[in-house]
Amino acid sequence: MQANAAWTPDQPIVSVRDVHKSYGKVEVLKGVSLDVRKGEVVCIIGPSGSGKSTLLRCINALVGIDKGSILVEGQEVHDPKLDKLELRKKVSMVFQQYNLFPHKTALENVMMAPILVLKRPKEEVEAQARRLIKKVRLEGKENSYPGELSGGQQQRVAIARSLAMTPDVMLFDEVTSALDPETVKEVLSTIRELADDGMTCILVTHEMGFAREVGDHIYFTEKGVIVEHGPPATFFKEARDPRTREFLSQIL
Amino acid sequence: MDSFWEFLRHVHDAYGINLVHFYDSFERGRLLKGMLTTLQLSVLCIGLSILIGIFGAWLQGSRFRVLKTLVQAYIQFFRNTPPLVQMFFFYFALGPLMPRVVNDYGIAQPMLGSFAWAMISLSFFAGAFNIEIFRSGIDAVQSATVEAADALGFSRWQAYRYVILPLAVRICLPALNNNLVNLVKTTTQAYAIAVPETLFVASQIWSDRINVLEMMITLLLFYLFLVGILVWGMIRLERALAIPGFGR
Ligand SMILES: Nc1ncnc2c1ncn2[C@@H]1O[C@H](COP(=O)(O)OP(=O)(O)OP(=O)(O)O)[C@@H](O)[C@H]1O
Ligand SMILES: [Mg+2]
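Scope of this entry: the structure provided in the associated data block. Keep in mind that this is a model prediction, so the values were computed, not measured.

About the thresholds
- Once a new chain begins, its residue numbering starts again from 1 and follows that chain's sequence as written.
- Ligands are numbered from 1 and chains lettered from A, in the order in which they are written.
- Local features in this predicted model are restricted to residues of pLDDT 70 or higher, and side-chain atom pairs are both shown and tallied only at a pLDDT of 80 or more, whereas totals for entire chains, interfaces and linings draw on every residue.
- Note that the side-chain values use all heavy atoms of the structure and ignore hydrogens as well as water.
- All axes are obtained by fitting lines to C-alpha atoms, using only the stretch in contact for helices, and the reported angles, taken between N-to-C directions, cover 0 to 180 degrees.
- Here a strand is any run of E in DSSP of at least two residues, a helix any run of H or I of at least four, and the numbering for each starts at the N terminus.
- In what follows, roughly perpendicular refers to angles from 65 to 115 degrees, roughly parallel to angles under 35, roughly antiparallel to angles over 145, and oblique to any angle outside these ranges.
- Here a crossing is taken to be left-handed if its near helix is turned anticlockwise relative to the far helix by less than a right angle, and right-handed if that turn runs clockwise.
- Whether two residues are in contact is decided by their heavy atoms: any pair within 4.5 Å suffices.
- Here, proximity means that at least one heavy atom of the residue falls within 4 Å of the molecule or strand.
- Any N or O atom pair separated by 3.5 Å or less is treated as a polar contact, with the protein-specific requirement of one donor-capable and one acceptor-capable atom, and with residues adjacent in sequence counted only for side-chain atom pairs.
- For the accessible areas, the method is Shrake-Rupley and the probe is 1.4 Å, while residue cover comes only from the protein chains on display.
- In this classification, Asp, Glu, Lys and Arg are treated as charged, Ala, Val, Leu, Ile, Met, Phe, Trp, Tyr, Cys and Pro as nonpolar, and every other residue, Gly included, as polar.
- The term buried area means the drop in 1.4 Å probe accessible area that two parts suffer when joined, counted for both and summed.
- Should a side-chain nitrogen of Lys or Arg be within 4 Å of a carboxyl oxygen of Asp or Glu, the pair is scored as a salt bridge.
- Each residue is placed in one exposure class: buried if its accessible area under a 1.4 Å probe, protein chains only, is under 20% of its type's maximum, exposed if it is over 50%, and partly exposed if it falls in between.
- In this analysis, strands are considered paired if DSSP registers two or more bridges between them.
- Any two of the Phe, Tyr and Trp rings considered here, Trp counted by its six-membered ring, make a pair once their centres fall within 6.5 Å; the pair's planes then place it as stacked at under 30 degrees, edge-to-face at over 60, or tilted in between.

## Overview of the packing of helix α5 (residues 83-94) of chain B against helix α6 (residues 114-140) of chain B
A pair of packed helices can be characterised by two numbers: the angle between their axes and the separation between those axes. Residues and elements named next belong to chain B. Axis separation between α5 and α6 bottoms out at 9 Å; the angle between their running directions is 135°. Overall, the two elements α5 and α6 adopt an arrangement that is oblique. Every pair of crossing elements has a handedness; the one defined by α5 and α6 is right-handed. Residues Pro83, Gln86, Met87, Phe90, Tyr91 and Leu94 of α5 lie in contact with α6, whose contacting residues are Ser114, Trp117, Ala118, Ile120, Ser121, Leu122, Phe124 and Phe125.

Written out as structure tokens, the structure is:
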């Protein structure tokens, strides 16, 4: 994906327009649009099954879309001629269940993709991986296997693994919902630091406090549509749509 | 050593326990050669059948229906027919169809000898089971782990080679172990197409020397030993591949 000539950093880095996606007969996304600017933290909230994970998967082209358009840095993600690899270098994803490679140590998990996919020299990648492990506060755990780490530690390795691809945009899919309350904090503070460093983040989350504090913009999805969105100050105080109000009253 | 052979000869003379295949240097020589042939056949078939398993399982995951159907047909054919008949099919039916080549003495002979056919037929036989064994291991690898590899930009082959296969192998090692044990035992059926492996040589010796019981016992102990080594090796491998916190 050669940076599209027409795209400049003051335009949205991710631009989702009227995206429709069905699994078989079930329409999961029914015309979703959203914009994310460089350095912005966008939080997506909404009830289970409303299509949040599906939206992230579409942005990352892990699944195809039926209609609409998704531009990342001005390039159409669902263009069949698109080099997926170029997209993978720009957009990185962190999953709810961490999905680490269980047969590789924490360090190896972080090193694998830069070596295999980006074809970078091993020494350089290792030095970078050690820095990243340090950044997510896991010094000393380099040689531990995922099975020997707590959920929060595994999730931070997964974040380091995504960062190793030096992405421009990071997608987080409910990355704390499999964790116990104590470890949630560790992971959230790691994400907060990333946001402070200026990383563009799209996160699906149930942590309303975190969304309010770190988010620049909140989207509320229900049944495959975006019901309401706005900056956290207005979104949480003055939600207009009754569906949003109902959801917020249940969760807050 | 020589005095030990003398002792065995004495045991034969004194008690009638006929271990001629040990103390007679000619018989010992051909028995050893037979054992070596069994060893070669086993190692080659293990290697080939594992390769067939890896590539077959990879093809089964392909998007192309035709490929999948072909692999499935192959598996069903080799799983559901007797291995001895398969070997006869290769040797007696396919063998004569192969072009002949002229050897060093100027005599035309089949391109592939009985050893090669035994190796091919046994590898295909065990390979069919290996595909299913690897496939079950692959299916047991979490799809989420594979999705993570995809999201990191791994190609389909890279995901297979560096993530799916290493995990699948660990999961299916016990089943693979069983199949390889079976394979080593099945090499004896190469006897039927006159491959000079252990059973073949042993039967020659017991016909010549009329020491059926002693020969049979030797034979059983040999296979017990051979399979024992294989199992020991597989257990070592399983230990070496064990990952802290994964599986058990
Ligand atoms: N691969 C798939 N095949 C078929 N249906 C799917 C698939 N993935 C998701 N769905 C369906 O799509 C709908 C939306 O799923 P999605 O995972 O995007 O929801 P979500 O908002 O992330 O929910 P949650 O908060 O529970 O994670 C659900 O009804 C789900 O059953
Ligand atoms: Mg989800």
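## Quick word on the site of ligand 1
Residues and elements named next belong to chain A. Neighbouring ligand 1 are Tyr23, Val28, Pro47, Ser48, Gly49, Ser50, Gly51, Lys52, Ser53, Thr54 and Glu174. Note that an oxygen atom of ligand 1 is positioned 3.2 Å from one of the backbone N or O atoms of Ser50. Between ligand 1 and Lys52 there is a distance of 2.8 Å, counted from an oxygen atom to a side-chain nitrogen or oxygen. Burial of ligand 1 by the protein chains amounts to 57% of its free accessible area of 640 Å². Of the residues forming the shell around ligand 1, the biggest block, 3 residues, is contributed by helix α1 (residues 52-59). Broken down by class, the residue content of the shell around ligand 1 amounts to 3 nonpolar, 6 polar and 2 charged.

## Some points on the interface of chain B and chain A
Listed as interface residues are 20 residues of chain B and, on the opposing side, 21 residues of chain A. Buried surface at the junction of chain B and chain A, summed over both partners, amounts to about 1,900 Å²; 68% is from carbon and sulfur atoms. Of all residues in chain B, the largest losses of buried area upon contact with chain A belong to Glu147(B), Ala151(B) and Leu152(B), amounting jointly to 31% of the total for that side. For the pair chain B and chain A, the number of links is 2 salt bridges. Our count for the chain B to chain A interface comes out at 5 residue pairs in polar contact (both at pLDDT 80 or more). Those elements that provide at least two residues to the side of chain B that touches chain A are α7 (143-151) and α8 (156-186) of chain B. Class assignment of the residues belonging to the side of chain B that touches chain A gives a composition of 13 nonpolar, 4 polar and 3 charged.

## What to know about the pattern of salt bridges
As enumerated under the stated definition, the model contains 22 salt bridges over all chains in all. One salt bridge connects Lys90(A) with Glu73(A), and the closest N-O pair in it is separated by 3.8 Å. Highlighted residues: Lys90(A) in helix α2 (residues 84-90) and Glu73(A) in the loop between β4 (67-72) and β5 (75-76), separated in sequence by 17 residues. Relative accessible area serves as the criterion here: at 7%, Glu73(A) is assigned to the buried category. Via salt bridges that share partners, Asp24(B), Glu27(B), Arg30(B), Asp208(B) and Arg209(B) belong to a single interconnected network.

## Points about the side chain of Ser162(A)
Among the secondary structure elements, Ser162(A) is positioned in helix α5 (residues 151-163). Apart from residues no more than four positions distant in its own chain, Ser162(A) is found in contact with Ser92(A), Met93(A), Val94(A), Pro167(A) and Met170(A).

## Some details on the environment of Leu138(A)
Residues and elements named next belong to chain A. Turning to its location among the elements, Leu138 is positioned in the loop between α4 (122-135) and α5. Linking Leu138 and Ala178, residues 40 residues apart in sequence, is a C-alpha distance of 19 Å. Dropping the residues within four chain positions of it, Leu138 is found in contact with Ile133, Gln153, Arg156 and Val157.

## Let's talk about the environment of Asn99(A)
Inspection of the secondary structure assignment puts Asn99(A) in the loop between β6 (91-94) and α3 (106-116). Residues Asn99(A) and Ala158(A) lie 59 residues apart in sequence; the distance between their C-alpha atoms is 7.5 Å. Once you skip the residues sitting within four places of it in the chain, Asn99(A) turns out to touch Arg161(A), Ala144(B), Thr145(B) and Ala148(B).

## Focus on the sheet that holds β6(A)
Residue and element names in this part refer to chain A. The strand order across the open sheet built from 6 strands is β6-β7-β8-β3-β9-β10, with neighbouring strands paired in mixed fashion. The sheet terminates laterally at β6 and β10 (225-230), the two strands that pair on one side only. Mean inter-strand twist for the sheet, computed between neighbouring axes without regard to direction, equals 20°. Pairing analysis gives 4 bridges linking β6 to strand β7 (residues 169-173), with the strands arranged parallel. Each residue of the ladder has a partner; that of Met93, found in β7, is Leu171.

## Things to note about the packing of aromatic side chains
Residues and elements named next belong to chain B. Under the defined criterion, the tally for this structure stands at 22 aromatic pairs over all chains. Aromatic pair Phe4 and Trp5: ring centres 5.5 Å apart, planes at 50°, arrangement tilted. Arranged with centres 5.1 Å apart and planes meeting at 70°, the rings of Phe222 and Tyr223 form a pair that is edge-to-face. The residues Phe222 and Tyr223 share a single accessibility class, namely buried. Grouping aromatic residues by their ring pairs yields a cluster made of Tyr74, Phe77, Phe78, Phe89, Phe90, Trp117 and Phe124.

As far as function goes, none of this settles anything; it's purely spatial.
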